[in-house]
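Letter by letter, the chains look like this.
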Amino acid sequence: MKKYPICVTIAGSDSCAGAGIQADLKTFQTLQCYGMSVITATTAQNHLAINEMHPIPVTHVETQLNTLLDEYDVAAIKTGMFANAEQIESVTCILNNYAQIPLIVDPVLGSSSGTEWESHTLVEAIKNLLLPRATMITPNLVEASRLFPDYSISDLQSISESTNTAILLKGGHGIDETTVTDSFINKNDVLTIRHERISTLNSHGTGCTLASAIAANIALGNDLQNSTKTAIDYVHQTLSNSRNYLHDSCKNELRNLPMNHTIKL
Ligand code: PXL
């Protein structure tokens, strides 16, 4: 019988299902894993804006996570948006008791529709608590400069060395109009991964999807570097499968729309 590894996402809910928990579950499902979720906040959002965010109480975040970890053999965990530093403290405290489970941290500090929810305490909690526990952290260029002001690649190598955590520096926010360059940094190893930049109106949730795809690939038994390369390919493929997706269903501006995770049959 085929085994479906269990992946858990700890993240916020996106009501329009382009990013957050919903993107993570779609990714796990498409990549042949079974996805479960721990919700840190609900958001009232469409592709244009986040109108409201409602943090889940820390004790309920803890109970969601413990309820899953008590019962299931979890193969990988991915974290996304946290509503506050207290949630990060309690989640890290629980995850430190499950040190064998690979953890991919997407250090979400804002949304592609323009809302930012970064606070100094949130950045510090990601850096001081989640980062040392993580197998890999996946900042984009904006998040990297908030987490590691004035960093160079060799600074990131030292951070990777001292925390025993790989860093995937995502180049999607870079200025090159034709190519996206991601850097995979694992201690001494630095690997540059380049892809053609896809011009699309359907890029909501790419960061969530990438980190979930890495977690899923690890859960399926692949090493970190191959998991990362295959996950980048997954995002690239999904973006190119998403042209015009949902465009007929919107009443206003078309931008930052969800991706189409459906496998082409
Ligand atoms: O893509 C970042 C992100 C993460 N989590 C939630 C979000 C977003 C962006 O919209 O809504 C819940």
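Quantities reported herein were computed from a predicted structural model and do not represent experimental measurements.

S.K.: Describe the nonpolar core, with residues and values.
M.R.: Formed by 38 residues in total, the largest nonpolar core has its most connected members in Val8, Ile10, Leu65, Leu69, Ile77 and Leu95. In terms of residue count, helix α4 (residues 120-133) provides more of this core than any other element does, 6 residues in total. The next biggest cluster of nonpolar side chains, apart from the first, holds 27 residues, and it includes Ala215, Ile218, Ala219 and Tyr234.

S.K.: Give a description of the side chain of lysine 170 that names residues and reports values.
M.R.: With respect to the helices and strands, the residue lysine 170 is situated in the loop between β7 (166-169) and β8 (179-186). On the basis of relative accessible area, lysine 170 is assigned to the buried category, the value being 9%. Of the polar contacts made by the side chain of lysine 170, one reaches the backbone oxygen of threonine 138; its length is 3.1 Å. Ignoring sequence-local partners within four residues, the contact set of lysine 170 consists of Asp106, Thr138, Pro139, Asn140, Leu141, Thr181, Asp182, Gly207 and Leu210.

S.K.: Tell me about the sheet that holds strand β6 (residues 136-137), and please be specific about residues and values.
M.R.: Taken in spatial order, the 9 strands of this open sheet run β3-β2-β1-β4-β5-β6-β7-β8-β9, and their pairing is mixed. In the strand order of this sheet, the two ends are held by β3 (50-55) and β9 (189-196), each with one partner. Two strands pair when backbone bridges link them, and strand β4 (residues 74-79) and strand β5 (residues 103-105) are joined in this way by 3 bridges, in the parallel orientation. Bridge pairing links isoleucine 77 to leucine 103 in β5. Where α4 meets the sheet, it contacts β4, β5 and β6, and its direction lies at approximately 145 degrees from that of β5.

S.K.: Mind laying out the state of the cysteines, listing which residues take part and the relevant values?
M.R.: For the coordinates displayed, the defined rule picks out 0 disulfides. In this structure cysteine 250 is a free cysteine whose sulfur lies 9.1 Å from that of cysteine 16, the closest cysteine sulfur available.

S.K.: Give me unusual backbone geometry: which residues, what numbers.
M.R.: For asparagine 244, which is not glycine, the phi dihedral falls at a positive 70 degrees. Despite not being glycine, leucine 246 shows a phi value in the positive range, around 70 degrees. On the basis of relative accessible area, leucine 246 is assigned to the partly exposed category, the value being 36%.

S.K.: Which residues make up α4, and what are the values?
M.R.: Along an α-helix, a turn takes 3.6 residues, which lines up residues three or four apart on a common side. Its 14 residues give α4 an end-to-end C-alpha distance of 20 Å, which sits within 8% of 20 Å, the value for a rise of 1.5 Å per residue. The largest bend along α4 reaches roughly 30 degrees and is located at isoleucine 126. Listing the buried residues of α4 in full gives Leu122, Val123, Ala125, Ile126, Leu130, Leu131 and Arg133. Packing partners of the buried residues in α4 comprise β4, α3 (85-95), β5, β6, α5 (141-147) and α6 (153-163).

S.K.: Let's hear about the packing of helix α2 (residues 58-71) against α3: which residues, and what values?
M.R.: Running from N to C, α2 and α3 cross one another at 25 degrees; their axes reach a closest spacing of 9 Å. On the basis of their axis angle, the class for α2 and α3 is roughly parallel. The interaxial crossing formed by α2 with α3 has right-handed handedness. Mapping the contact onto sequence places Val58, Val61, Glu62, Leu65, Asn66 and Leu69 in α2 and Glu86, Gln87, Ser90, Val91, Ile94 and Leu95 in α3. The class makeup of the residues in the contact of α2 with α3 is 7 nonpolar, 3 polar and 2 charged.

S.K.: I'd like a rundown of the pattern of salt bridges, residues and numbers included.
M.R.: Enumeration according to the criterion identifies 3 salt bridges in this entry. The partner of aspartate 106 in a salt bridge is lysine 170, and the shortest N-O contact between them spans 3.6 Å. Here aspartate 106 is found in the loop between β5 and α4, whereas its partner lysine 170 is found in the loop between β7 and β8, with 64 residues between them in sequence. Judged on exposure class, the residue aspartate 106 and its partner lysine 170 are both buried. When the shortest N-O distance is used, the salt bridge between arginine 255 and glutamate 253 registers 2.8 Å. By relative accessible area, which is 46% here, glutamate 253 ends up partly exposed.

S.K.: If you had to explain the pairing of β9 to someone new, which residues and values would you point to?
M.R.: Judged from the 8 bridges that link them, β8 and β9 form a sheet pairing that is antiparallel. Bridge pairing in β9 links valine 180 to histidine 195.

S.K.: Quick rundown of the packing of aromatic side chains? Include the residues and the values.
M.R.: The relative placement of two aromatic rings is captured by the distance of their centres and the angle of their planes. Following the criterion strictly, the structure yields 0 aromatic pairs and no others. Over the face of the ring belonging to tyrosine 4 we find lysine 2, whose NZ or CZ atom lies 5.2 Å from the ring centre.

S.K.: So what about helix α8 (residues 224-240)? Which residues, and what values?
M.R.: With 17 residues, α8 ought to run about 24 Å at 1.5 Å a step, and its terminal C-alpha atoms sit 24 Å apart, in line with that. Turning to α8, its buried residues are Leu224, Ser227, Thr228, Ala231, Ile232, Tyr234, Val235, His236, Thr238 and Leu239. The inward-facing, buried residues of α8 abut α1 (20-30), β6, β7, β8, β9 and α7 (206-219). The opening residue of α8, the one whose side-chain oxygen lies 3.2 Å from the backbone nitrogen of glutamine 225, is aspartate 223.

What counts and how
- Residue indices begin from 1 for each chain and proceed along its sequence in written order.
- Selection of residues for local features in this predicted model requires a pLDDT of at least 70, selection of side-chain atom pairs for listing and counting requires 80 or more, and totals for whole chains, interfaces and linings are taken over all residues.
- The basis for every side-chain value is the complete set of non-hydrogen atoms in the structure, without hydrogens or water.
- As used in this record, nonpolar core signifies buried Ala, Val, Leu, Ile, Met, Phe, Trp, Tyr and Cys residues forming a set joined through side-chain atoms within 4.5 Å.
- Burial status follows relative accessibility: with a 1.4 Å probe on protein chains alone, a residue under 20% of its type maximum counts as buried, one over 50% as exposed, and anything between as partly exposed.
- Think of it this way: any DSSP run of H or I at least four residues long counts as a helix, any run of E at least two long counts as a strand, and we number them from the N terminus.
- Polar contact is the term for a pair of N or O atoms within 3.5 Å; when the atoms are in protein, one must be able to donate a hydrogen and the other to accept it, and sequence-neighboring residues count only if both atoms are side-chain atoms.
- In this description, contact between two residues means that some pair of their heavy atoms is separated by no more than 4.5 Å.
- Strands were regarded as paired on the criterion that DSSP finds at least two bridges between them.
- Note on geometry: axes are C-alpha line fits, over the in-contact stretch for helices, and angles between N-to-C directions span 0 to 180 degrees.
- Defined by distance alone, a disulfide is two cysteine sulfur atoms within 2.5 Å.
- Any helix carries an expected span of 1.5 Å times its number of residues minus one.
- Each residue is assigned a bend, namely the angle between axes fitted to the seven residues that terminate at it and the seven residues that start at it.
- Angles below 35 degrees are treated as roughly parallel, those above 145 as roughly antiparallel, those between 65 and 115 as roughly perpendicular, and all remaining angles as oblique.
- With the far helix as reference, a near helix turned anticlockwise by less than a right angle produces a left-handed crossing, and one turned clockwise produces a right-handed crossing.
- Only Asp, Glu, Lys and Arg are considered charged, only Ala, Val, Leu, Ile, Met, Phe, Trp, Tyr, Cys and Pro nonpolar, and every remaining residue, Gly among them, polar.
- A pair is scored as a salt bridge if a Lys or Arg side-chain nitrogen falls within 4 Å of a carboxyl oxygen belonging to Asp or Glu.
- Two rings from Phe, Tyr or Trp (for Trp, the six-membered ring) form a pair when their centres are within 6.5 Å of each other. A pair whose planes differ by under 30 degrees is stacked, one over 60 is edge-to-face, and the rest are tilted.
- Consider the ring centre and the ring normal. A charge sits over the ring if Lys NZ or Arg CZ is within 6 Å of that centre and within 35 degrees of that normal.

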